[in-house]
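Residues per chain, in single letters:
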Amino acid sequence: TSRLSAAEYAVNEVEQDTLIKTATAFTNVLKLQAKVDASKENVDEHLRLVQLIERRARSELSSMAEVILAKARYDQSKSESIQLQTALINAKSDLQYLIGQKVDQILIPKIALSIPNNLDECISAAKAFSPTLKRLQAEAYAAESDIAVSKANLWPQLSARSDQIYGGITEGNTTYL
C-alpha cells in the first residue's frame, strides 16, 4: 500500500512540476508581451525624434551628428524590439508545447486567490499539499515495512503438521512441530 501511494504521489509530483513550468511559461509570455508593446512605443517615439531632428537639421538648427546619433538610437530600438519579439515567439512556443494548444494573444486573468496572511500558515499549507513530501512519507512507510519483514526473517521458522492414520499397525493421530 505504501509503495502504491508513493507511486501515486510521484505522478502528482510530476503533475505539479508540469503545472509550475506552465505557470512560469505563461507569466514569461505575459511579461514579454508587455515588453514588446513597450518596445513598439519606443520605436515609434525614436522615429518621431529622428524626423524632428532631421527637420531641424534641414533648417540648420541641429547638426548632422545629431541626426546620425538619433538614427543610431532608432536602429538600436528597432533591434531591441526584434529581439523581444523573437523571445516572445520562443516563449509562446514553450507554452504551446506545455499546454498542447496554439497560443496567439494572452490576457491577464482576473482571479481572486485566497492566500493565508501568515507565513506559518503558508508554509503549513505548502507542506500539507506537497506531493513530494507525501511521496517521501509513503516511501518511509514502505522502508519500515521492509525492515519489519527482514527482522521477521531472522526468527526461527516453525512448521506444524498433523496426520490422521486409519487402519494398519499405527492407527491414530500424529502431530509434528
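Computed from a predicted structure; not experimentally measured.

**Q** I'd like a description of the overall build of the chain, backed by residues and values.
**A** Looking only at helices and strands, one finds four helices and two strands in the chain. In sequence order, the secondary structure elements of the chain are arranged as α-α-α-α-β-β. Taking 2.2 N^0.38 as the reference for a compact globule, 177 residues should give roughly 16 Å; the C-alpha atoms of the chain span a radius of gyration of 36 Å, well beyond that estimate. The principal-axis extents of the C-alpha atoms in the chain amount to approximately 135 × 40 × 30 Å. For the chain, the residues scored as buried account for 18% of the 177 residues in total. Summarising the internal contacts of the chain: among those between residues at least 6 apart in sequence, 62% fall at separations of at least 24. Taken as a whole, the chain presents about 13,900 Å² of accessible surface, with 58% of it coming from carbon and sulfur. Positive and negative side-chain charges in the chain, numbering 20 and 22 respectively, have mean positions lying 8 Å apart.

**Q** I'd like a rundown of unusual backbone geometry, residues and numbers included.
**A** The phi torsion at Glu 60 lies on the positive side, around 65°, for a residue other than glycine. With respect to the helices and strands, Glu 60 occurs in the loop between helix 1 (2–58) and helix 2 (64–99). Taking the relative accessible area as the measure of exposure, Glu 60 reaches 71% and is therefore exposed.

**Q** Describe in detail the pairing of strand 2 (residues 172–176), supporting the description with residues and values.
**A** In this sheet, strand 2 lies alongside strand 1 (residues 161–165) in antiparallel orientation, the contact comprising five bridges. Considered in strand 2, the bridge of Arg 161 is made with Tyr 176. Linking two consecutive strands that pair antiparallel, namely strand 1 and strand 2, is a turn of six residues; a positive phi of about 80° is found at Gly 167 within it.

**Q** I'd like a description of the packing of helix 1 against helix 4 (residues 131–154), backed by residues and values.
**A** Close contact between helix 1 and helix 4 brings their axes to 8 Å; oriented N to C, the two are set at 160°. Viewed along their axes, helix 1 and helix 4 adopt a mutual orientation that is roughly antiparallel. Crossing hand, helix 1 versus helix 4: left-handed. Residues Ser 2, Arg 3, Ser 5, Ala 6, Tyr 9, Ala 10, Asn 12, Glu 13 and Gln 16 of helix 1 touch helix 4, and the partners they reach there are Pro 131, Thr 132, Lys 134, Arg 135, Ala 138, Glu 139, Tyr 141, Ala 142 and Asp 146. Split by residue class, the contact of helix 1 with helix 4 holds seven nonpolar, five polar and six charged.

Calculation criteria
Residues numbered from 1 in each chain as written. Predicted model: local features only at pLDDT ≥ 70, side-chain atom pairs only at ≥ 80, totals over all residues. Heavy atoms only, no water. Helix = DSSP H or I, 4+ residues; strand = E, 2+ residues; numbered from the N terminus. Rg over C-alpha atoms; globule rule 2.2 N^0.38 Å. Buried < 20%, exposed > 50% of the residue type's maximum accessible area, 1.4 Å probe, protein only. Contact = heavy atoms within 4.5 Å. Areas by Shrake-Rupley, 256 points an atom, 1.4 Å probe, with all protein chains shown as cover. Lys, Arg positive; Asp, Glu negative; His and termini not counted. Charge placed at Lys NZ, Arg CZ, Asp CG, Glu CD. Pairing = 2+ DSSP bridges. Axes fitted to C-alpha atoms, helices over the stretch in contact; angles between N-to-C directions. Parallel < 35°, antiparallel > 145°, perpendicular 65-115°, else oblique. Left-handed = near helix turned anticlockwise from the far one by under 90°. Nonpolar A, V, L, I, M, F, W, Y, C, P; charged D, E, K, R; others polar.

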